[in-house]
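Overview (structure and organization)
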Amino acid sequence: MVNSLYLLLLAGLLGLAAFPSHAAWFKTAEQEAREYYTQGRYAEAAATFDDDYRKGVAEYRDGDYRSAAEHFLRVDREEVKQAAHYNLGNARFHLGDYEGAIEAYEGVLQVDPQDRAARHNLALARAMLAQAKIEPEEEEKPEEEKKPEEKERDKQEQQQEQQQEQQQEQQQEQQQ
């Protein structure tokens, strides 16, 4: 009786080994999500994770920065709040929300003023914000929107540039 029970149990275990798809029956959603993540299947991992921080990390890896930022904002686990805030800054940076990124990095630095990565990224975000504010001012108006004096100034600038190019070409020819 004991031997037949033993054989029946052994046959059952061997049967499970023969059908690895049944092994998934014993996995939790968290284990499944981690497996997706390690396989680089970030969208599936994000959809499977329950934890906002892990969801955010998977979405960030998948390039879904908007969803990642939303999940990093919702993190309530103390042990990962600082990392979530840092990653929130990174997600916002990727979205071009430099002001939001600056805010997130400054929040990280309030808790840990020695965080070199946050300090570095804060400097980058500030530089990008400054550049973004300068670029719209430098954009040229379409020709039909320009005033006559602006058109004349542009024409003079073009002529000066052409003259400089010609002078440089002549100097290069003389040097050869």
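Data block above holds the structure.
The sections below set out a description of the structure shown in this document. (Residues numbered from 1 in each chain as written. Predicted model: local features only at pLDDT ≥ 70, side-chain atom pairs only at ≥ 80, totals over all residues. Heavy atoms only, no water.)

What to know about the overall build of the chain
What counts is decided by this rule: Put simply, DSSP H or I for four residues or longer makes a helix, DSSP E for two residues or longer makes a strand, and each gets a number counted from the N terminus. Residue contacts are counted whenever heavy atoms from the two residues lie within 4.5 Å of one another. Where accessible areas are quoted, they stem from the Shrake-Rupley method and a 1.4 Å probe; at the residue level, only the protein chains shown are allowed to cover.
Along its length, the chain carries 9 helices and 0 strands. Along the chain, helices (α) and strands (β) appear in the sequence α-α-α-α-α-α-α-α-α when read from the amino end. Residue pairs in contact within the chain that sit at least 24 positions apart in sequence constitute 27% of those at least 6 positions apart. Summed over all atoms, the accessible surface of the chain reaches about 13100 Å², with 49% contributed by carbon and sulfur.

Section: the side chain of Arg92
Operational definition: Classification of residues uses two cut-offs on accessible area relative to the type maximum, computed with a 1.4 Å probe and protein chains only: under 20% is buried, over 50% is exposed, and between them is partly exposed. Under this rule, positive means Lys or Arg and negative means Asp or Glu; His and the chain ends count for nothing. When a carboxyl oxygen of Asp or Glu lies within 4 Å of a side-chain nitrogen of Lys or Arg, that pair is called a salt bridge.
Within the secondary structure, Arg92 is located in helix α6 (residues 78-94). Within the buried core, Arg92 has no salt-bridge partner, and the shortest N-O distance to an opposite charge, that of Asp97, equals 4.1 Å. Not counting chain neighbours up to four residues away, the residues in contact with Arg92 comprise Leu73, Asp97, Gly100, Ala101, Glu103 and Ala104.

A look at the packing of helix α5 (residues 65-74) against α6
What counts here: Here an angle of 0 to 180 degrees is reported between the N-to-C directions of two axes, which are lines fitted to C-alpha atoms, with helices fitted over the stretch in contact. Here roughly perpendicular refers to angles of 65 to 115 degrees, roughly parallel to angles under 35, roughly antiparallel to angles over 145, and oblique to all remaining angles. Each helix crossing is assigned a hand: it is left-handed if the near helix lies turned anticlockwise from the far helix by less than a right angle, otherwise right-handed if that turn is clockwise. Residues are grouped as follows: nonpolar covers Ala, Val, Leu, Ile, Met, Phe, Trp, Tyr, Cys and Pro; charged covers Asp, Glu, Lys and Arg; every other residue, Gly included, is treated as polar.
Contact pair α5 / α6: the axes reach a minimum separation of 9 Å and the direction vectors enclose 155°. Between α5 and α6, the angle is such that the two are roughly antiparallel. Classified by chirality, the crossing of α6 by α5 is left-handed. In contact with Tyr65, Ala69, Phe72 and Leu73 of α5, α6 contributes Ala84, Asn87, Leu88, Ala91, Arg92 and His94. Here the contact of α5 with α6 is composed, by residue class, of 7 nonpolar, 2 polar and 1 charged.

Brief notes about helix α4 (residues 52-62)
Heads up, the rule is: We define a polar contact as two N or O atoms separated by no more than 3.5 Å, with the added condition that, inside protein, one atom must be a possible hydrogen donor and the other a possible acceptor, whereas residues neighbouring each other in sequence contribute only through side-chain atom pairs.
For α4, every residue scored as buried is listed here: Tyr53, Lys55, Gly56, Val57, Ala58 and Glu59. Among the structural elements, α2 (29-38), α3 (42-48), α5 and α6 are those in contact with the buried residues of α4. Here α4 starts with a cap whose side-chain oxygen sits 3.1 Å from the backbone nitrogen of Tyr53, and that cap is Asp51.

As for the pattern of salt bridges
Under the defined criterion, the tally for this structure stands at 8 salt bridges. With its nearest N and O atoms 2.7 Å apart, the salt bridge here joins Glu44 to Arg41. When its relative accessible area of 33% is taken as the criterion, Arg41 is described as partly exposed. Arg77 serves as the salt-bridge partner of Glu79, at 3.1 Å between the closest nitrogen and oxygen. Linked by salt bridges that have partners in common, Asp51, Arg77 and Glu79 make up one network.

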